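Examination of the molecular architecture
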Amino acid sequence: MSEEQDGIWKQMLAKRAEWAAEQPSLSAELKAMGREAIKDIRGTLHQAYFGQPEHMSEMGTPLNPTPQMTTQDLGTVHGSYQSELDSYASRASQLETQQEKER
């Protein structure tokens, strides 16, 4: 292979690695699919035996995680909520100092 082809292959492999790093965790995807399957089976059995759908389960229970738990498990959350709060707090203090200077 020529050096030019080596460079193209390296670029392609680097791009593939970048895309792979952006993908959600496979284990988290499988957990979510399992939860949905169990909920579907329970709902179907409940409908067949009792003639009415099952009540909604409470958020945060084992088969019904909160949205925050799901996104954190998928690995699509970048940073933390605390860092976001800290950035807002620093902006607020900057605005307060600017308002005091204007007075």
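Everything numeric here is computed off the predicted structure, so don't read it as measured data. (Residues numbered from 1 in each chain as written. Predicted model: local features only at pLDDT ≥ 70, side-chain atom pairs only at ≥ 80, totals over all residues. Heavy atoms only, no water.)

**Quick notes on the confidence of the model for the protein**
The predicted coordinates of low-pLDDT regions are not to be read in fine detail. The pLDDT averaged across the protein works out to 80; a share of 88% of its residues lies at or above 70. No element of the protein has a lower mean pLDDT than helix H3 (residues 67-74), which averages 74, and none a higher one than helix H2 (residues 26-50), which averages 87. (pLDDT = per-residue confidence, 0-100. Helix = DSSP H or I, 4+ residues; strand = E, 2+ residues; numbered from the N terminus.)

**A short note on the pattern of salt bridges**
The tally for this structure, following the rule as stated, stands at two salt bridges. Between Glu 18 and Lys 15 there is a salt bridge, and its shortest N-O distance comes to 3.6 Å. Residue Glu 18 and its partner Lys 15 are both found in helix H1 (residues 3-22); the two are separated by three residues, about one turn of the helix. Since its relative accessible area comes to 38%, Glu 18 is described here as partly exposed. For Glu 36, the salt bridge goes to Lys 39, with nearest N and O atoms at 3.3 Å. Separated by three residues within a single helix, Glu 36 and Lys 39 lie in helix H2, roughly one turn from each other. (Salt bridge = Lys/Arg side-chain N within 4 Å of Asp/Glu carboxyl O. Buried < 20%, exposed > 50% of the residue type's maximum accessible area, 1.4 Å probe, protein only.)

**Some details on the environment of Pro 65**
Along the chain, Pro 65 falls in the loop between H2 and H3. Given a relative accessible area of 16%, Pro 65 falls into the buried group. Sequence-wise, Pro 65 and Ala 32 are 33 residues apart; in three dimensions their C-alpha atoms are separated by 9.4 Å. Dropping the residues within four chain positions of it, Pro 65 is found in contact with Arg 35, Met 59, Gly 60 and Thr 70. (Contact = heavy atoms within 4.5 Å.)

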